[in-house]
Amino acid sequence: MCDKKQEQRINLKFLVKLKKTPTECYKLLQEAYGDNSLSRARVFEWYKRFSEGRESTEDDERPGRPVTVSTPETVTKINQIVRADRRMSIRMIAKAVNADKETVRKILHEELHMTKVCAKLVPKNLTPDQK
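A brief structural summary. If you're wondering where the values come from, they're calculated on a predicted model, not measured in any experiment.

**Examining the packing of helix α1 (residues 4–17) against helix α3 (residues 40–51)**
The description of two helices packed together rests on the angle between their axes and the distance between the axes.
So, point 1. As a packed pair, α1 and α3 sit with axes 9 Å apart at the nearest point and diverge in direction by 55°. Considered as vectors, α1 and α3 are oriented oblique to each other. Crossing angle aside, the handedness with which α1 passes α3 is right-handed. Along the contact surface, α1 presents R9, L12, K13 and V16, while α3 presents V43, W46, Y47, F50 and S51.

Written out as structure tokens, the structure reads:
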């Protein structure tokens, strides 16, 4: 089952094949979908794509976006990196795991319970051996 945006794109693709103008397409989509229709700019954008020969109605992939969700694998990887070299900055760790800096900061502080002390990341609660 496709969502409303994709359904409208499919209909827009059909209208392009019928040789309708972008303004006519926009008016027809407004009439059919009312307030839930695509904006005028999106209709013109997708009209151009379809008229240039695009067949897919799916959104394009967005390459290079950083990981924003902390997964158990990411937490484990960050923990290993910090244990190997405690002097690494959050920015360096984020680059190493290809994650957002804020995500790495949250993992370090909230999940691994570490804080920065004198340029080293250390656990908040020190064990007797560490004292």
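Read on, since the account is not over.
**Regarding helix α2 (residues 22–33)**
So, point 1. In this model α2 runs 16 Å from its N-terminal to its C-terminal C-alpha over 12 residues, within 8% of the 16 Å that 1.5 Å per residue would give.
So, point 2. Among the residues of α2, C25, L29 and Y33 are the ones counted as buried. Buried positions in α2, seen along its axis, are confined to an arc of 40° and lie on one side of it. Of the exposed residues in α2, those oriented more than 90 degrees away from the buried face are K27 and E31.
So, point 3. Where α2 is buried, its residues contact α1 and α3.
So, point 4. Immediately downstream of α2, the backbone of G34 shows phi near 65°, a positive value.

**Concerning the environment of I93**
So, point 1. With respect to the element layout, I93 can be found in helix α5 (residues 90–97).
So, point 2. Assessed through its relative accessible area of 0%, I93 is described here as buried.
So, point 3. Residues within four places of I93 in sequence aside, it is in contact with I78, I81, V82, M88, V104, L108 and L121.

**What to know about the packing of helix α4 (residues 72–84) against α5**
So, point 1. Where α4 meets α5, the axes come as close as 10 Å, and the angle between the chain directions of the two elements is 130°. When the axes of α4 and α5 are compared, the pair comes out oblique. For α4 against α5, the interelement crossing comes out right-handed. Between α4, through K77, I78, I81 and V82, and α5, the contact on the second element is made entirely by I93, A96 and V97.

Each value, and the rule that gives it
For every chain, the first residue of its written sequence is number 1, and the numbers climb from 1 along that sequence. Where totals are concerned, whole chains, interfaces and linings use all residues; where local detail is concerned, this predicted model gives features only for residues with pLDDT of at least 70, and gives and counts side-chain atom pairs only at 80 or more. Think of the side-chain values as coming from all heavy atoms in the structure, minus any hydrogens and water. The axes are straight lines fitted to the C-alpha atoms, using for helices just the contacting stretch, and the angles between their N-to-C directions are given from 0 to 180°. Runs of E in the DSSP output that reach at least two residues are strands. Runs of H or I that reach at least four are helices, and both are numbered from the N terminus. Should an angle lie under 35 degrees it is considered roughly parallel, over 145 roughly antiparallel, and from 65 to 115 roughly perpendicular; all remaining angles are considered oblique. Two helices crossing with the near one rotated counterclockwise from the far one by less than a right angle form a left-handed crossing, whereas a clockwise rotation gives a right-handed crossing. We call two residues in contact when some of their heavy atoms are within 4.5 Å. Here the expected length of a helix is defined as 1.5 Å per residue gap, with one fewer gap than residues. Buried, partly exposed and exposed residues are distinguished by accessible area as a fraction of the type maximum, computed with a 1.4 Å probe on protein chains only: under 20%, between the cut-offs, and over 50%, respectively. The arc in question is traced by the directions running from the helix axis to the C-beta atoms.

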